[in-house]
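Remarks on the overall topology
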Amino acid sequence: MTRMSRARVARRIAAGAAYGGGGAGLIGAAVVGLVLAEVRLARRHVGNGGAGRVPVADGVYGHTYDTPGEPPLRLTMLGDSTAAGQGVHRAGQTPGALLASGLAAVAERPVELRNVAVPGARSDDLDRQVALVLSAPCPVPDICVIMVGANDVTHRMHPTRSVRHLSAAVRRLRTAGAEVVVGTCPDLGTIEPVQQPLRWLARRASRQLAAAQTIGVVEQGGRTVSLGDLLGPEFEANPRELFGPDNYHPSAEGYATAAMAVLPTVCAALGLWPEEERPDVSRREGFLPVARAAAEAASEAGTEVTAAMPTGPRGPWALLKRRRRRRVPEAEPASRPL
């Protein structure tokens, strides 16, 4: 599928999510059923695809930056097993801990991490997760990172429903005062036991949903980072390094790779990234209609999309950025919040 075709499909899905229509399907129901069956078979084949202990990484990171009277930045993770960090054994290897540690180093300020993500969650669980975040006695997070979408594809959730739930979650968090960054649907075509042609179909479905997610998130004032391509060629080329023992969830190195892609956008959302915010033409950055920016981002790892101009000749416009990624070392153990 071309990027222009993906942009048109993503626009229809997002419109259906916004206005309550059926929108466009990711791919035919029979094909999705085949993908679902193949992925479930893959899970049974490799084992531990949907179970296993997730390290608890909640706590405060970056104590060396403690300043009397200055509270830590508050980072909250929401979403599915990728956001939770399933597949690794140490808390410091989870994406939340890696992001908290990296953010603390850039901000030179401690970061308090809270993770409410649940393995197996789909986008319709975000309503419960957001309620949990906003009903807590502690202040609203400074920034929330959401990673969700893979289970929506494998469990055949209609894409318009998926985008509608995600958009609503972003809107509630933004209204409460939190910045929001969404790591869009990863590439299911990288799961090793899934064979062609279903591998290609899974990749196509993942990218279509990722593009539609981007439109919905940007329209609600959030930012997105593409994980699909990042977890595609790199994972495909190094499956033993970047997948964990279950061949389904990322390994510690895989989560570090994903964290490197998301961290610059997290910092930029908080006004902390040192790069120039204007687009760099040499890196093919620029202002694009939001649907086209979404399609471009779905095809390239680490690509950020954020709202720009509310109107344009072809609807809302977005800024597409390809931020440089920095190595994120494994986080030091956190102290538990008081």
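Before any of the text, the structure's been laid out above.
Quick caveat: nothing in here was measured; it's all calculated off a predicted structure.

**Looking at the overall build of the protein chain**
Of regular secondary structure, the protein chain possesses 12 helices and 9 strands. Taken as a whole, the protein chain presents about 13700 Å² of accessible surface, with 54% of it coming from carbon and sulfur.

**Quick look at helix H7 (residues 159–176)**
Helix length check: H7, at 18 residues, gives a terminal C-alpha distance of 26 Å against a target of 26 Å (1.5 Å per residue), a fit within 8%. Those residues of H7 lying buried are Pro159, Thr160, Ser162, Val163, Leu166, Ser167, Ala169, Val170 and Leu173. Positive backbone phi, approximately 110°, marks Gly177, located one or two places after H7.

**Details of unusual backbone geometry**
A positive phi angle, near 55°, is found at Glu108, a position not held by glycine. Structurally, Glu108 is set in the loop between helix H4 (95–107) and strand S3 (111–115). For Arg284, which is not glycine, the phi torsion reads 60° and is therefore positive. By the element assignment, Arg284 lies in the loop between helix H11 (252–269) and strand S7 (286–289).

**Description of the sheet that holds strand S5 (residues 179–183)**
Pairing is mixed in the open sheet, where 9 strands are placed in the order S1-S3-S2-S4-S5-S6-S8-S9-S7. At either end of the open sheet lies a strand with only one pairing partner, and these are strand S1 (59–61) and S7. Mean inter-strand twist for the sheet, computed between neighbouring axes without regard to direction, equals 25°. Relative to S5, strand S4 (residues 143–147) runs parallel, the two being bridged by 5 bridges. The partner of Met147 across the bridge, within S5, is Gly183. Along the sheet face, H7 touches strand S2 (73–79), S4 and S5 and points at about 155° away from the line of S5.

**Thoughts on the pattern of salt bridges**
For side chains bearing opposite charge, pairing can occur when the charged atoms are close. Here the structure, examined in full by the defined rule, presents 13 salt bridges. One salt bridge connects Glu70 with Arg109, and the closest N-O pair in it is separated by 3.7 Å. Separated by 39 residues along the polypeptide, Glu70 in the loop between S1 and S2 and Arg109 in the loop between H4 and S3 bring together distant segments of the chain. Residue classification places Glu70 among the partly exposed positions, given a relative accessible area of 38%. Among the charged side chains, a network of salt bridges with common partners joins Asp280, Arg283, Glu285 and Lys321.

**Digging into the nonpolar core**
Counting 34 residues, the largest nonpolar core has Leu75, Leu99, Val145, Val181 and Val262 as the members making the most contacts within it. Listing elements by their share of this core, those giving two or more residues are S2, helix H3 (81–84), H4, S3, S4 and H11. Here this core gets 10 residues from one element, more than from any other, and that element is H11. Not counting chain neighbours up to four residues away, the residues in contact with Val181 comprise Ile143, Cys144, Val145, Ile146, Arg223, Val225, Val262, Thr265, Val266 and Ala269. Counting 23 residues, the second largest nonpolar core, distinct from the first, contains Val153, Cys185, Ala293 and Leu320.

**Describing helix H12 (residues 290–298)**
The buried count for H12 comes to 8 of 9 residues, which makes it a mostly enclosed element. Val290, Ala291, Ala293, Ala294, Ala295, Glu296, Ala297 and Ala298 are the residues of H12 that are buried.

**Comments concerning the environment of Pro141**
Within the secondary structure, Pro141 sits in the loop between helix H5 (126–134) and S4. Sequence spacing of Pro141 and Gly177 is 36 residues, and the spatial spacing of their C-alpha atoms is 8.0 Å. Sequence-distant contacts of Pro141, that is, excluding residues within four places in its chain, are made with Arg74, Thr76, Val133 and Ala178.

**Points about the packing of H5 against H7**
Packing of H5 against H7 leaves a shortest axis separation of 9 Å and a crossing angle of 15°. With respect to H7, the element H5 is oriented roughly parallel. In this structure, H5 crosses over H7, and the sense of that crossing is right-handed. Across the interface between the two elements, Leu126, Asp127, Val130, Ala131, Val133 and Leu134 from H5 touch His165, Leu166, Ala169, Arg172, Leu173 and Ala176 from H7. Taken together, the residues of the contact of H5 with H7 break down into 9 nonpolar, 1 polar and 2 charged.

**Thoughts on the pairing of S2**
Within S2, 6 of the 7 residues are buried, which leaves it mostly tucked inside the rest of the structure. Note: S2 against S3, 5 bridges, orientation parallel. Residue Met77 lies in a different strand from S3, and its bridge partner there is Asn115. In the sheet, S2 pairs with S4 via 5 bridges, with the strands oriented parallel. Note that in S4 the partner of Gly79 across the bridge is Met147.

Rules used throughout
Residues numbered from 1 in each chain as written. Predicted model: local features only at pLDDT ≥ 70, side-chain atom pairs only at ≥ 80, totals over all residues. Heavy atoms only, no water. Helix = DSSP H or I, 4+ residues; strand = E, 2+ residues; numbered from the N terminus. Areas by Shrake-Rupley, 256 points an atom, 1.4 Å probe, with all protein chains shown as cover. Expected span 1.5 Å × (residues − 1). Buried < 20%, exposed > 50% of the residue type's maximum accessible area, 1.4 Å probe, protein only. Pairing = 2+ DSSP bridges. Axes fitted to C-alpha atoms, helices over the stretch in contact; angles between N-to-C directions. Contact = heavy atoms within 4.5 Å. Salt bridge = Lys/Arg side-chain N within 4 Å of Asp/Glu carboxyl O. Core = buried A, V, L, I, M, F, W, Y, C linked by side-chain atoms within 4.5 Å. Parallel < 35°, antiparallel > 145°, perpendicular 65-115°, else oblique. Left-handed = near helix turned anticlockwise from the far one by under 90°. Nonpolar A, V, L, I, M, F, W, Y, C, P; charged D, E, K, R; others polar.

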